[in-house]
Structures are given as structure tokens and as C-alpha cells.
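# Structural overview for review
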Amino acid sequence: MTPHEYRQRILDDLEPMPAYPQPLMDCLGLAVAEDIHAEVALPSFDNSSMDGYAVRYADVATTSAETPVRLPVLGEIGAGQASLLALPPRAAAKIMTGAPLPTGADTVVPYEWTDRGVATVEIRQAPKEAQHVRYAGEDVTEGDLLVPAGTVLGPRHLGLIASVGRAQVAVRSRPRVVVLSTGTELREPGETLGHDSIYDGNSFLLAGAARRAGAIAYRVGIVPDEPRAFMTALSDQLVRADLVVTSGGVSMGDYDVVKEALAPEGVWFGPVAMQPGKPQGFGRIGDERVPVMCLPGNPVSSFVSFELFVLPALRRLMGMTPEARPVRRAALTHEVRSPKGKEQYRRGWYDASSATVSPIGGPGSHLIGDLAGANCLIVVPPETTSLDKAAEVDVIELDVEF
Ligand SMILES: Nc1nc2c(c(=O)[nH]1)N[C@H]1C(S)=C(S)[C@@H](COP(=O)(O)OP(=O)(O)OC[C@H]3O[C@@H](n4cnc5c(N)ncnc54)[C@H](O)[C@@H]3O)O[C@H]1N2
Ligand code: MOO
């Protein structure tokens, strides 16, 4: 099975999470599940874009510094304090930015062109007709489709939706992802290491990646390579999981606990034609048939599996498209070698401005130091065993929103 086929198999099995109305501030980064239409026009009334005087153009069309027009000032209109509703001919009203234009007025003269008079005002420069007026509906018309269903809401969407008066919108909820690391050799950071133990980096990597993708991530931490202990830990977690992600215990070893415990439950385990990330598992468990994704324990294998399979699965659950990261093209700055028959994902540094990519470190799936210094994965096709300097390759840019 190719990585692409495996991803499709996972996506075909998953449905987007149900949608619920949420307060606007809780919707940031979530996919909206309804078309959002404008319930009011924007601006909703004709208003001034400057602090100055509302006038009738005809009254001030010929004014100048040498022969200024003087008009009585009938009142003041502040934003949110508009008591003067109509302006008769041969008069002016003070008006502030954002305040409604009184009926009869059609033009705003800014303070800077006047003597700032209170009882009367001297206007020293002729305005253009209709200057500094923002018309009702010139931005958004009532009924306009503002945000189509499926849009991932960013700050500008929130601002617009609030501006038309919506306090809540229906969005797909964040999936709850439980991350379990398996391995009797694993220790929590901060604990003392033995000669044969290592720190559990993967659960932080995976829970961090899940949170970055928009999920609610629960890092359960370490479970020993013992099937009963693993099943107990897993069963305890199922009540709060929309997806379970495990690390380790999926290959051919004598203590490959995840495979041993879950294969009899009907979870699929098998090789995917890629490196790193060859051994994979996917299925559903428990009464609620919670999806479980079983990733290999080597840290780079775990990470690449997250990017290729778990991230798209989370985006499917969250109703976000496209599910998989976009692929860019770049020229290699150094040659790369790769085993035949497997799609290889090498770590690299992608420079968008020059459309080049520099390989970082070797192919080893334990090289987490190099992984942390990379910003992309370089895709080497299965039949390609070597790529020369300047060869064009596919590059998956990490860490960017899409
Ligand atoms: N005879 C075979 N051996 C292996 C095969 C194979 O096909 N035949 N496949 C290799 C490949 S490829 C991979 S990838 C690994 C996958 O192994 P597991 O998923 O079973 O993972 P473990 O054996 O538990 O661990 C592998 C490696 O990663 C380290 N590890 C595990 N968990 C963590 C963690 N949470 N944080 C940091 N490092 C972790 C672990 O100590 C091992 O070094 O199998 C190969 N073997
Ligand atoms: O696939 Mo393993 O994923 O080579 O390290």
C-alpha cells in the first residue's frame, strides 16, 4: 500500500464531527458549518469618515480662503449620540467620525479646513460634493453571503461576523485526541535515566502536533510493553477520545504491545511503502468504535506518520479541506540517495524565496535533532534511488497554516 492509498483509506473511514453553535471567540480556527449571511448592511447608515462639519454641498461649493462662507452651527453629532436628525439649508452641524449624517447634509468638511467655530463656522476651502461620506451598504449588502460553510474562521472572519451582529455560529467541534506512548524503556522527562532507558519524546511531539492542528490533546504518557496494562490504559481513555494515537509497539519485535493487543480487536496492521513510517495500524475500538491510529515508535517515523496520516484525519474530523498539506516544488541544493521501492521522506530546509531545498541530516528515523531543525519534508519517489543537485523535488512545508 502506498502512503497515498493508506491516507485515503483512513479519510474514507472518518466523518466530520457534529456542529454546534458556539460563542464567537470559541470559533477561532474552526470550520464553520453554515453559510453566514449579512443580517444587516455595512455600513448600516450613511456616516462621516472625518471629524468636521456636515453641510449641504450647494451651500459651500464656492467658498475659499479669500471669500469664506460662514454658516450657523446647529448642534453636534457624536458617534453613538445623534440627536440632530435633519439639517436645514444654510446651516452646518459638527459631526464626528462614524456619526450618522443628518438628513439634508451630503458632504463633510474636515476641521482642518475651518476655524473650528462653535456657534458659527467659517469654511475656508471648497469640498468635493459628497466628500467624507460613507454610504449605507457600500461595503456589505443585507443578505450577502459573507462566509461560506467550510471556511476555517480566522480573526478577520470573526470581526466581520461580529460586525453583522452574530454572537454565535455553528462550527465543528475540536476532536479530543488521546496520545499514548508505549515502551518499557520510556521515562518521563525529569526522571532519572537508567543505562537502558530513554525519555519519552514522542508523546510530547504527537500531543503538541495534535494541539497545533486544532485538536484538544490529552498526553496520557507512558504505558509499558504489557498488553493488559496497555488495554487497561486504553479502555480508561476511550470515554474522552474522538481519536486515539499510539506510538511504538507496531513492528516485528517480541514486545510489540500495540499490535499484540489490538490486532485481535480487528485493528489493521501492515506495512506502508514508505521510509520512515513503514509499520502502521488503523482501526476502531470499544463500544463507541473510536478510531485508533497506531504509529511506529521511532521519533521521526512517528512525526512523519502524524504529518501524512494523523493531521489529515484530524482535519477531516474538523471539516477542514484540503486534508493533506499542499506540496511545493523546489530544487535540491545537494544530492540525495534513497532506497528503491519506498517513498522516502527526508528532512530539509525549504527556502520559498529561491524555491530551493537543502537536505538536513541522514535518513535515520531516530534523528530527532535534525528533525527539530527542519521546516519541510522532501519527498523522494519510490523508484528514485538518487537525485542530483538542482533536481526538482516535491516538498511538504511544515508548520504553515493551509
Ligand atoms: N525485524 C524487524 N524489526 C523492525 C522492523 C521490521 O520490519 N522488522 N521495522 C523497523 C521500523 S521501520 C520501525 S519504524 C520500528 C518501529 O517499531 P515500533 O513501532 O515497534 O516501536 P518500538 O520498537 O517501540 O520503538 C522503536 C524505536 O523508537 C524508540 N521509541 C519508542 N517510543 C518512543 C518514545 N515515546 N519516545 C522516544 N523514542 C521512542 C524506541 O526506543 C526504539 O528505539 O521497528 C523497526 N524494527
Ligand atoms: O519505517 Mo521505520 O519507519 O524506517 O523507521
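Definitions and cut-offs
- Residues numbered from 1 in each chain as written.
- Chains lettered and ligands numbered in written order.
- Predicted model: local features only at pLDDT ≥ 70, side-chain atom pairs only at ≥ 80, totals over all residues.
- Heavy atoms only, no water.
- Axes fitted to C-alpha atoms, helices over the stretch in contact; angles between N-to-C directions.
- Helix = DSSP H or I, 4+ residues; strand = E, 2+ residues; numbered from the N terminus.
- Parallel < 35°, antiparallel > 145°, perpendicular 65-115°, else oblique.
- Left-handed = near helix turned anticlockwise from the far one by under 90°.
- Contact = heavy atoms within 4.5 Å.
- Nonpolar A, V, L, I, M, F, W, Y, C, P; charged D, E, K, R; others polar.
- Domains from an automatic or database assignment.
- Buried area = accessible area lost by both parts, 1.4 Å probe.
- Salt bridge = Lys/Arg side-chain N within 4 Å of Asp/Glu carboxyl O.
- Polar contact = N/O pair within 3.5 Å; in protein donor to acceptor, adjacent residues only side chain to side chain.
- UniProt positions renumbered as here; feature names shortened; annotations may be inferred.
- Buried < 20%, exposed > 50% of the residue type's maximum accessible area, 1.4 Å probe, protein only.
- Near = heavy atom within 4 Å.
- Pairing = 2+ DSSP bridges.
- Areas by Shrake-Rupley, 256 points an atom, 1.4 Å probe, with all protein chains shown as cover.

For the rest of this paragraph, the subject is the packing of helix α1 (residues 3-13) against helix α7 (residues 299-317). For the pair α1 and α7, the least separation of the axes is 10 Å and the interaxial angle reads 30°. Between α1 and α7, the interaxial angle falls into the category roughly parallel. Once α1 is placed against α7, the crossing between them reads as right-handed. Each of Pro3, Tyr6, Arg7, Ile10, Leu11 and Asp12 in α1 lies in contact with α7, whose residues at this interface are Leu308, Phe309, Pro312, Ala313 and Arg316. Of the residues in the contact of α1 with α7, the class split is eight nonpolar, no polar and three charged.

Partitioning the protein into structural domains gives domain 1 (3-16 + 174-318), domain 2 (20-40 + 141-171), domain 3 (47-134) and domain 4 (327-397). Computed over C-alpha atoms, the centres of domain 1 and domain 4 are 25 Å apart. In this assembly, 14 residues from domain 1 lie in contact with 15 residues from domain 4. For the domain 1 and domain 4 pair, buried surface summed over both sides reaches about 1,200 Å², with 69% attributable to carbon and sulfur atoms. For the pair domain 1 and domain 4, the number of links is zero salt bridges. Our count for the domain 1 to domain 4 interface comes out at seven residue pairs in polar contact (both at pLDDT 80 or more). Listed by contribution, the elements that provide at least two residues to the side of domain 1 that touches domain 4 are β18 (274-275) and α7. In terms of residue count, the dominant contributor to the side of domain 1 that touches domain 4 is α7 (seven residues).

Turning our eyes to something else, we now look at the UniProt feature "domain: MoaB/Mog" (unreviewed entry) in the protein. Here, UniProt's "domain: MoaB/Mog" (unreviewed entry) annotation points to residues 178-316. The distance from the first to the last C-alpha atom of residues 178-316 is 17 Å, and the span holds 33% helix and 29% strand.

With that settled, the discussion passes to unusual backbone geometry. Each neighbour pair has its own omega, and for Leu42 with Pro43 the value is -15°, a cis peptide bond. With respect to the helices and strands, the residue Pro43 is situated in the loop between β2 (36-37) and β3 (47-48). With an omega of -5°, the peptide bond running from Thr321 to Pro322 counts as cis. Looking at the secondary structure, you find Pro322 in the loop between α7 and β21 (327-332). Although it is not a glycine, Arg289 sits at a positive phi angle of roughly 50°. Looking at the element boundaries, Arg289 is found in the loop between β19 (279-285) and β20 (290-295). What makes Arg289 partly exposed here is its relative accessible area of 41%. Even without being a glycine, Ala390 presents a positive backbone phi close to 80°.

Quick look at the site of ligand 2 now. Neighbouring ligand 2 are Gln275, Pro276, Gly277, Lys278, Pro279, Asn298, Ser301 and Ser365. Gly277 is positioned such that a nitrogen or oxygen atom in its backbone is 2.4 Å from an oxygen atom of ligand 2. Here the shell around ligand 2 is built from residues that sort into two nonpolar, five polar and one charged.

For the rest of this paragraph, the subject is the sheet that holds strand β12 (residues 176-182). Pairing is mixed in the open sheet, where six strands are placed in the order β15-β12-β16-β20-β19-β17. Pairing within the sheet leaves two strands with one partner each, and these edge strands are β15 (216-223) and β17 (268-271). Strand-to-strand twist of the sheet, defined as the mean angle between neighbouring strand axes without regard to direction, takes the value 15°. In terms of strand pairing, β12 meets strand β16 (residues 243-247) through five bridges, oriented parallel. Within β16, the position partnered with Val179 by the bridge is Val245. Relative to the sheet, α7 contacts β12, β16, β19 and β20, its axis offset from that of β20 by approximately 165°.

Moving on to the site of ligand 1. Neighbouring ligand 1 are 23 residues, the closest being Glu185, Asp200, Ser251, Lys278 and Gly297. Note that an oxygen atom of ligand 1 is positioned 2.8 Å from one of the side-chain N or O atoms of Lys278. Burial of ligand 1 by the protein amounts to 68% of the accessible area it has alone, namely 860 Å². Put simply, the parts of the chain that give the shell around ligand 1 at least two residues each are β12, β14 (198-199) and α7. By residue class, the composition of the shell around ligand 1 is eight nonpolar, eleven polar and four charged.

Residues Val357 and Pro359 point to one face of strand β24 (residues 356-359) and are all buried, whereas Thr356 and Ser358, pointing to the other face, are not buried. Sheet topology note: the strand β23 (residues 343-351)/β24 ladder contains four bridges and is antiparallel. Bridged to Asp351 within β24 is Thr356.

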